[in-house]
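One-letter residues, chain by chain:
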Amino acid sequence: MLLIPCPYCGPRPEIEFSYGGEAHLARPRDPAACDDAAWGDFLYARTNPKGIHAERWRHAHGCGRFFNALRHTVSDQFLITYRIGAPRPEIAA
Amino acid sequence: MAPSRFSLLTLLRQAFSGPPDLSAHWRSPAPGPAYDVVIIGAGGHGLATAFHLAAEHGIRRVAVLEKGWLGGGNTGRNTTIVRSNYLMAESAALYEHALRLWEGLSQALNYNVMYSPRGVMMLAHNVHDIAVLKRHIYANRLAGIDNEWLSPAEAKAFCPPLNLAGGMRYPVLGAALQRRGGTARHDAVAWGYARAASALGVDIIQNCEVTAIDRDRAGAVSGVETTRGAIAARKIGVVAAGHTSVVMALAGLRMPLESYPLQALVSEPVKPVFPCVVMSNTIHAYISQSDKGELVIGAGTDAYVSYSQTGGLHIATHTLDAICELFPMFRRLRMLRNWGGIVDVTPDRSPIIGLTPVPGLFVNCGWGTGGFKATPGSGQVFAHTIATGAPHPINAPFSLDRFRCGRLIDEAAAAAVAH
């Protein structure tokens with residue numbers, strides 16, 4: 001089980017959290033203007049990296065708040081957490 | 001080399017002739033400079049693809065590249081369940097095609113894959129489960145696939161360890177049974193395909209990781225760079241399971257895939273006590289007994305994307321809670337090992353088998369939590385796709401393009417794990 005550093009509550013066990021998938025997937029501002037390929041790419045394509053992954057978490061059974069995190073998908077180690085809406089931090093592996 | 005053909009005569013001759021022949025069952029050649037087809041990934045699906053390319057389509061200049069060792073990924077990590085009782089017509093056709101090949105696979109490969117059609121029983125614990133399982137049964141029977149409804153007493157008669165005592169949080173209200181479903185020996189499947197493919201001239205190259213996919217001026221693939229040198233090929237098939245996104249990124253493609261750890265565990269070996277395969281979608285457990293006597297238990301996926309080949313202990317604990325309630329006789333049993341594999345999951349829980357936007361590049365992925373059962377059928381239709389440049393009618397609906405055009409194949413109940 002992961003120990004997840006909630007930026008508002010501190011480190012808490014994984015079962016208090018729900019996972020929100022890849023972060024920074026911006027919904028197209030005008031979906032009707034998208035062609036099928038662009039819309040399909042937004043809906044379904046994912047980076048799925050073997051390395052540093054930017055992802056959303058929600059402290060569902062704690063403060064209830066969303067936050068973003070950078071986590072390494074091989075070691076599962078959390079590198080940094082940051083606010084929803086903030087740009088992805090630059091960080092070395 | 002080991003005997004070219006296994007038979008009773010070979011067995012008798014070996015029994016009376018000196019020390020046993022323990023030589024390798026397949027060649028381990030150095031990579032050649034060029035092949036007609038390069039398959040990336042020497043798991044069951046990749047080896048089956050190479051076998052069918054050589055055996056059915058006469059394409060014998062084939063290399064199967066493997067970054068680790070043969071069958072060391074999900075082929076060696078799954079719970080070996082074989083069944084075809086899927087809901088959607090496209091899926092049922094694909095998995096039934098595979099199931100029919102399983103029935104004759106040991107003969108076709110001249111290698112005992114220990115396919116054992118001992119019956120797969122899926123449990124219903126509430127009104128919703130009953131409706132869902134009966135819908136599967138009716139859909140399967142319309143498609144000519146065996147699947148039948150059992151009352152709780154009939155389920156208990158088919159699987160005596162099942163607990164029907166009162167007071168359970170999730171009582172057993174009935175079950176769907178596919179009698180032709182069962183298990184096979186996962187390692188033997190990889191070894192059997194490797195031996196048969198190697199005998200037909202396929203080069204299986206282990207410890208050879210692909211580091212780049214080369215393209216010509218027109219954008220078509222022209223070969224791969226590997227840790228053991230460059231290899232030219234006009235056709236490349238990617239069969240890399242959980243690492244498909246990583247390999248496809250080498251060709252600049254973003255896939256509709258996410259990779260999750262999926263766990264399994266085995267108990268200490270005991271005498272034969274468990275006659276069939278039992279699965280429960282609702283309380284998250286599946287179990288069978290191997291021929292070695294271990295109980296093979298499958299748990300769920302972790303919630304997050306990971307390549308760690310392990311999984312959270314709370315996931316396995318959750319499954320063992322369910323197993324102990326369904327089968328109280330296993331409560332004192334000790335678990336021997338647990339492990340994780342990385343499964344590539346698509347948004348609609350159906351696989352992707354077919355062409356890609358890059359000419360010459362083919363992909364077979366997205367099997368998620370249940371790819372082992374499809375190994376022979378997957379290999380055959382993917383070999384057809386690579387050899388002819390167009391999908392077989394069975395895998396045509398499973399194109400990558402369905403995530404653009406929206407024609408998804410929604411198999412929400414594709415495995416006994418909630419996705």
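Going along each chain's sequence as written, the residues are numbered from 1 onward. Labels are handed out in written order, letters beginning with A for the chains and numbers beginning with 1 for the ligands. Two thresholds apply to this predicted model, a pLDDT of at least 70 for residue-level local features and 80 or more for giving and counting side-chain atom pairs, whereas whole-chain, interface and lining totals are computed over all residues. With hydrogens and water excluded, all non-hydrogen atoms of the structure serve as input to the side-chain values.

S.K.: Outline the overall build of chain B, listing residues and values.
M.R.: Assigned secondary structure in chain B consists of 11 helices and 19 strands. As a reference, a globule follows 2.2 Å times the number of residues to the power 0.38, and the radius of gyration itself is taken over C-alpha atoms. Relative to a compact globule of 419 residues, whose C-alpha radius of gyration would be 22 Å, chain B shows 21 Å and is just as compact. By its C-alpha atoms, chain B is 70 × 65 × 40 Å across when sized along the principal axes. Partly exposed describes any residue whose relative accessible area lies between the buried limit of under 20% and the exposed limit of over 50%, with all areas from a 1.4 Å probe on protein chains only and scaled to the type maximum. The 419 residues of chain B split such that 57% are buried. Strands are runs of DSSP state E lasting at least 2 residues, helices are runs of H or I lasting at least 4, and numbering of each runs from the N terminus.

S.K.: Could you give me a rundown of the interface of chain A and chain B, with the residues and numbers involved?
M.R.: Each partner contributes residues to the interface: chain A has 24 residues there, and chain B has 24 residues. When two components associate, each loses some accessible surface as probed by a 1.4 Å sphere; the sum of these losses over both components is called the buried area. Buried area between chain A and chain B, summed over both chains or domains, comes out near 2000 Å², and the portion from carbon and sulfur atoms is 53%. Together, A:Tyr44, A:Asn48 and A:Lys50 form the three largest contributors to the area buried by chain A at its contact with chain B, with a combined 33%. One speaks of a salt bridge when a side-chain nitrogen belonging to Lys or Arg is within 4 Å of a carboxyl oxygen belonging to Asp or Glu. Inspection of the chain A/chain B interface yields 1 salt bridge. Where B:Arg404 meets A:Asp36, a salt bridge forms, and the shortest distance between an N and an O atom there is 3.7 Å. If you list the elements that add at least two residues to the side of chain A that touches chain B, you get strand E3 (18-22), helix H1 (36-44) and strand E4 (52-58) of chain A. Three residue categories are used. Nonpolar comprises Ala, Val, Leu, Ile, Met, Phe, Trp, Tyr, Cys and Pro, charged comprises Asp, Glu, Lys and Arg, and polar comprises the others, including Gly. For the side of chain A that touches chain B, a count of residues per class yields 11 nonpolar, 5 polar and 8 charged. What makes two residues a contact is simply this: any of their non-hydrogen atoms within 4.5 Å.

S.K.: Quick rundown of the nonpolar core? Include the residues and the values.
M.R.: Residue and element names in this part refer to chain B. Here, nonpolar core means buried Ala, Val, Leu, Ile, Met, Phe, Trp, Tyr and Cys residues that are tied together by side-chain atoms lying within 4.5 Å of each other. The biggest cluster of nonpolar side chains holds 48 residues, and the ones touching the most others in it are Leu47 and Trp102. Sorting elements by how many residues they give to this core places helix H7 (residues 186-199) first, with 7 residues. Ignoring any residue separated from it by four or fewer positions in sequence, one finds Leu47 in contact with Ala42, Val64, Leu70, Ala190, Tyr193, Ala194, Ala197 and Ile204. Ile40, Ala63, Val210 and Ala251 belong to the second largest nonpolar core, which has 30 residues in total.

S.K.: Residue-level account of the sheet that holds strand E8 (residues 203-205) of chain B, with values.
M.R.: All names here are of chain B. As summarised here, the arrangement of the 6 strands in space is E8-E2-E1-E12-E19-E18, forming an open sheet in which the pairing is mixed. Each end of this open sheet is capped by a strand with a single partner; those strands are E8 and strand E18 (352-355). Looking at each pair of strands side by side, their axes are set apart by 15° on average, direction ignored. Two strands pair if DSSP finds at least two bridges between them. Axes here mean lines fitted to C-alpha atoms, for a helix over just the part in contact, with angles spanning 0 to 180 degrees between N-to-C directions.

S.K.: Lay out the sheet that holds strand E6 (residues 78-82) of chain A in plain terms, naming residues and giving numbers.
M.R.: Residue and element names in this part refer to chain A. Ordered by their spatial adjacency, 4 strands build an open sheet running E3-E4-E5-E6, and the pairing between neighbours is antiparallel. Every interior strand has two partners, whereas the edge strands, E3 and E6, have only one. Across the sheet, the mean angle from the axis of one strand to that of its neighbour is 30°, orientation sign disregarded.

S.K.: If you had to explain the pairing of strand E5 (residues 66-72) of chain A to someone new, which residues and values would you point to?
M.R.: All names here are of chain A. Among the 7 residues that make up E5, 5 are buried, leaving the element largely enclosed by the rest of the structure. Sheet topology places E4 next to E5; 7 bridges connect them, and they run antiparallel. Bridging from a neighbouring strand, His53 pairs with Arg71 of E5. Bridge count for E5 against E6 is 4 bridges, and the pairing is antiparallel. The residue of E6 that forms the bridge with Ala69 is Thr81. Between E5 and the antiparallel strand that follows it, E6, lie 5 residues; Asp76 among them carries a positive phi value of about 60°.

S.K.: Tell me what's going on with the domain arrangement of chain B, and back it up with residues and numbers.
M.R.: Residues and elements named next belong to chain B. Note that the domain bounds were set by an automatic or database domain assignment. When cut into domains, chain B gives domain 1 (32-84 + 86-111 + 186-256 + 348-415) and domain 2 (120-179 + 259-345). Averaged C-alpha coordinates put domain 1 and domain 2 at centres separated by 28 Å. Taken together, the contact between domain 1 and domain 2 spans 27 residues of the former and 29 residues of the latter. Both faces combined, the contact of domain 1 with domain 2 buries some 2300 Å², and carbon together with sulfur accounts for 58% of it. The largest share of the area that domain 1 buries against domain 2 comes from Arg77, Thr79 and Leu87, three residues that together contribute 27% of it. Taken together, the connections running from domain 1 to domain 2 amount to 0 salt bridges. Throughout this description, a polar contact denotes any pair of N or O atoms lying within 3.5 Å of each other; where both atoms belong to protein, one of them has to be capable of donating a hydrogen while the other can accept it, and for residues adjacent in sequence the pair is counted only when both atoms sit in side chains. Across the contact surface, domain 1 and domain 2 share 9 residue pairs in polar contact (both at pLDDT 80 or more). Those elements that provide at least two residues to the side of domain 1 that touches domain 2 are strand E3 (81-82), helix H3 (89-103) and helix H8 (244-249).

S.K.: Requested: an account of helix H5 (residues 127-142) of chain B, with residues and values cited.
M.R.: All names here are of chain B. The terminal C-alpha atoms of H5, which comprises 16 residues, lie 23 Å apart, in line with the 22 Å expected from a rise of 1.5 Å per residue. Within H5, the full set of buried residues consists of Asp129, Leu133, His136, Ile137 and Asn140. Angular distribution of buried residues about the axis of H5 spans 100°; they occupy a single face of the element. Looking at H5, the residues exposed on the side facing more than 90 degrees away from the buried face are Val127, His128, Arg135, Tyr138 and Leu142. Packing partners of the buried residues in H5 comprise strand E4 (120-124), strand E5 (148-150) and strand E6 (174-178). For H5, the side-chain oxygen to backbone nitrogen distance between the N-cap and His128 is 3.2 Å, and the N-cap itself is Asn126. By this rule the span expected of a helix is its residue count minus one, scaled by 1.5 Å. Relevant arc is that of directions from the helix axis to the C-beta atoms, nothing else.

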